[in-house]
Each structure stands twice: as structure tokens, then as C-alpha cells.
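Chain by chain, the residues:
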Amino acid sequence: MTVLSSSALSGKQRVRLSQIEQAFAVSTDQLNTIVKNIRTELSLGLKNDNNSSLSMSPSFVHQRTVPNGTSLGMGIEASGRRIRITSVTFDSSITHTSTQVFVTPRGKSISAFFEYTAFCLREFLQSRNLDHEVLPLGITIGLPINEERISEQAKEDSLDLCGRNVARELCDVLVRGHLPVRVTSVTNNAVSRLVAARYGDKSTGIAASFNHGVNAAYFEEMANIEKISGMAQGLVAVNTEIGRFRSKTLPLTQWDHRVDRESRNPGSRPLEKLVADQYLGEIVRNLITDLMDERLLFTQQTDVKTISTEYTFHTAYMAPIIESSRNARAILETEFGILADESDCQVVRTLCLVVADRAALLAGAMLAALVLKSGSRSVALSGVLFDVNEKLSTDAVNTMRGLLKGVKVEVGFQHRGAEVLGAAINEASI
């Protein structure tokens, strides 16, 4: 048994953990098959008939080497909870940036939400004396976009913008408010991060993010994209929506099926639900509650009401829990009111490790497929999942390199908010 072990564990606990480890195991042969299948789906998504689970949406971002002037970028979280605004001034390079994050009051309607974004822009411009000339604004959002409209309500906590034309609706409130801003583009966060990464390193061809969702964008030759055939040659950014990838080769367990069935979008985004920050903690929580029902965990008299509530076990808990029993005991007591003994801590540590290890393997397979499809040898990574779990990010990169069998790939990590900078860079490049 390769999972964490301890003399504190009973024989029944060891047997059950070994069974769980086996259920979550992914062999090298499976990973290679997943890489092959993702590459196939990426290629199919570029064709006119698009018989692929991936949308593969081209995005005509601007790639001028030296952007000009001052531009604005606005990032809207998928949940709508935060709005991040950045102003960027360019000369021969970025000479000045200023960023402010606004927290959206809860309970706002969609129309009130757009009114609030206009309020945020006014506050930002006036506080920085930027309201004396019309500035271009690029909007970036963590939701799928198709022909300027939000095409999917993808996340558990996402704002219901499905079918809404964000640019048009925001333009309407800006005009009514007489704000000196011109909305010139709406892009998905993956594409915006790719633009930002490309600005910093011209060799970067892939940007992959591991946040509450999972997505990636890369540069593709226009000649390879049937759905835009006949257009000028050159590179175009492609938003893959790779979290939608589905295949019988994905290592789904009974706990994955349960999380999917009880999610906001059952049957959708199967790869994302095995890797994303939104779901890993919930998978662990389901494992925990099942072992509680089997009388293999928290058998002492203790309060288990909180941990029995869905989405209360956050993925951010996993890395410190894996690190030590002391951390596990502190988190279980502080966050859930559970008084855990040593065997409880060892069991929870093992469950976190098993789920995190599988996520790292699948993330590595996803990255390997993107490298092989794009031909790029430089990848930019970002996301809260990697921010809170350094081991998982290291294991994912090592898995990618192992699957690529000697292909050298440069890997860089982007800071939080890179998508907003990318939206501003795109506007200044027009």
C-alpha cells in the first residue's frame, strides 16, 4: 500500500484505504491514452462539423509588439463576487499599472450587477484622474464565450450570465452614466492570460489555468482551423474549454459520479471535475462521509454536521493536511468542530493525498496533450489550485515532462490577475 500508513490505523482502515487507493490509481498506459484522446478532441474541435466535446473557439487577439497609450482591463469573476480593474500605460514597455478590486454586494440582480460594474469603473477612473479622455476597455471573464455571448453557466457558484451579451449590456450602462470608456472586446480568461504571457515572453504558446475551473488557450495556425477557413494566414488564439473533455478512459470513481450528479451541471465538464479546485475538496468530503457511515472514521462522539454539508471541505485544506497530522487535527477541529484522534488524522491525510495525486496526473496529461497539439515548448501556468498546493503543481509538471519523453518544455507561473493585464494589453495593441 503506497498511501500513508501508521500503526494507529486498524486492519479494517488499512484495507479500505487500499481499496480507495486502487480506485483512484491511474496507470502510465491510461495517461498516454488520455493524452492521445485529448489531442484527437483538440483537432476535431477545429473542424467545421465540430464533433468534439471541446468548443475550440478562435479569438482574434492583437499581437502588436509594442502597445501604445493607456488602456483598461476589467476582470469579472465567474461568481460575480469580485471585479478587478487595471489601468496600464505603455511606452516602449509597461511604464505604469494600477489595480483595484471591488467586492460585489450579494443578492444583486443581473441588471443591478451591470450597474454596479459601471459604478466601479467611475470610482476607479475618478480616483486616478483618468476620466478626461475616452479609454479603451477590454473585459475578461471566467466563463465560456461564443459570438460575444456567455455560452455556459459552468461553475457551481457562477453568476447566471448564460446567453447575455456582456459587452453590449455594459456599454448600455456606460453610455447612460456618461463614462469616458469604450468597450472594445470581451475575452475568456484563458485567452487573456495567454496574451499576458505572450507579452512577457514571445515564445509562450500555451496558457493553462487551474482555478475553480480548468481551462487552457494556445496559439494555432489559421490554416489549421476549418471553421475560419479563407481568412488571412497567421496565428490565432484558441480557447479550448478543455475542462469539457470527456472520454471513457477518464478514471471515474463512485465518488466522482456522485459529485457530478449533485453538481449544478451534471454530465458536463468531466475532466474539470477531476482536477479543478472547485471539486477536489468535495471529492475528499464525500470519501470522508462514506467512511464515517462505515464506522471507520470519527467514531468518537463528535459534531459532524458541518463536514456533512456539501462544499464545506475546501481544496485549500488538502496541502496542509497532507503535510502533517498536526495540521490535519487543527483544521478538523477549527473548521469543523471535530475532535480527531491519530487514526482519524491519518485516514483524512491519506484521502487528501490520493485525490491530489490523481489530479496531478490528469493535469500533467492535459498539459502534455496541449504541448503536442500546439508544438509550443513554453507553457504559462496559473491558478489558485497551484497557489495553495505546491506539491500538486510540481507533480503535474513532472507528469507532463514524463509523458513527453524528453521533449524540453519551459514552464512559467503567472501571478493572480494576469488575465486583467492581458485584457488591457490586448486593447493597447489595437
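Up top is the structure.
All of the points below concern the structure found in this document. Predicted, not measured: the structure shown is a model, and the values here were computed from it.

Okay, the packing of aromatic side chains next. Going through the model one piece at a time under the given rule, you end up with nine aromatic pairs. Seen in terms of ring centroids, F313 and F336 are 5.8 Å apart; in terms of plane orientation they differ by 15 degrees. Their pairing is stacked. One end of the pair, F313, is in the loop between α8 (277-293) and α9 (318-323); the other, F336, is in helix α10 (residues 325-336), with 23 residues separating them in the sequence. There is no split in this pair, since F313 and F336 are both buried. Considering the side-chain rings of F386 and F413, the 6.5 Å spacing of their centres and the 65 degrees angle between planes classify their relative orientation as edge-to-face. Here F413 lies in strand β13 (residues 410-413) and F386 lies in helix α12 (residues 384-388), a separation of 27 residues in the sequence.

Between side chains of opposite charge, a pair can form when the charged atoms approach closely. Evaluation of the coordinates by the stated rule reveals 15 salt bridges. Across the salt bridge formed by R258 and D290, the nearest N and O atoms sit 3.0 Å from each other. On the criterion of sequence distance, the pair formed by R258 in helix α6 (residues 254-261) and D290 in helix α8 is long-range, its members being 32 residues apart. D290 carries the same exposure label as R258, and that label is buried. Here D387 ties to R416 by a salt bridge, and the two come within 3.5 Å at their closest N and O atoms. Highlighted residues: D387 in helix α12 and R416 in the loop between β13 and α14 (418-428), separated in sequence by 29 residues. Look at R416 and you get exposed, because its relative accessible area is 58%. Among the ionic contacts, a cluster of salt bridges with common partners joins E241, R269 and E272.

An ideal rise of 1.5 Å per residue puts 20 Å on 14 residues; helix α1 (residues 11-24) measures up with 20 Å between its terminal C-alpha atoms. For α1, the set of buried residues is Q13, R16, L17, I20, E21 and F24. Along the axis of α1, the buried positions cluster into a sector of 145 degrees, meaning they face one direction only. Pointing more than 90 degrees away from the buried face of α1 are the exposed residues G11, K12 and Q22. Its buried side turned inward, α1 meets α6, α8 and α11 (342-374).

This paragraph deals with the side chain of E272. Note on placement: E272 falls in helix α7 (residues 272-275). A relative accessible area of 0% places E272 in the buried class.

What follows deals with the environment of V101. With respect to the helices and strands, V101 occurs in strand β4 (residues 94-103). Residue V101 is classed as partly exposed on the basis of its relative accessible area, which comes to 38%. Once the C-alpha coordinates of V101 and R82 are considered, the two residues, 19 residues apart in sequence, prove to be 6.7 Å apart. Once you skip the residues sitting within four places of it in the chain, V101 turns out to touch R82, I83 and R84.

What follows is about the sheet that holds strand β1 (residues 57-59). Through backbone hydrogen bonds, the strands of a sheet pair up, either in parallel or in antiparallel fashion. Read across the sheet, six strands follow the order β1-β11-β10-β9-β12-β13 without closing on themselves; strand pairing throughout is mixed. Strands with a single pairing partner mark the edges of an open sheet, and in this sheet they are β1 and β13. The average angle at which neighbouring strand axes cross in this sheet is 25 degrees, direction not considered. Contacts between helix α5 (residues 189-200) and the sheet are confined to β1, β9 (206-210), β10 (214-221), β11 (235-239) and β12 (378-382), with β10 contributing the most and set at about 60 degrees to the helix.

Here is what the cut-offs are and how they apply
Residues numbered from 1 in each chain as written. Predicted model: local features only at pLDDT ≥ 70, side-chain atom pairs only at ≥ 80, totals over all residues. Heavy atoms only, no water. Phe/Tyr/Trp six-rings, centres within 6.5 Å; stacked < 30°, edge-to-face > 60°. Helix = DSSP H or I, 4+ residues; strand = E, 2+ residues; numbered from the N terminus. Buried < 20%, exposed > 50% of the residue type's maximum accessible area, 1.4 Å probe, protein only. Salt bridge = Lys/Arg side-chain N within 4 Å of Asp/Glu carboxyl O. Expected span 1.5 Å × (residues − 1). Arc of directions from axis to C-beta. Contact = heavy atoms within 4.5 Å. Pairing = 2+ DSSP bridges. Axes fitted to C-alpha atoms, helices over the stretch in contact; angles between N-to-C directions.

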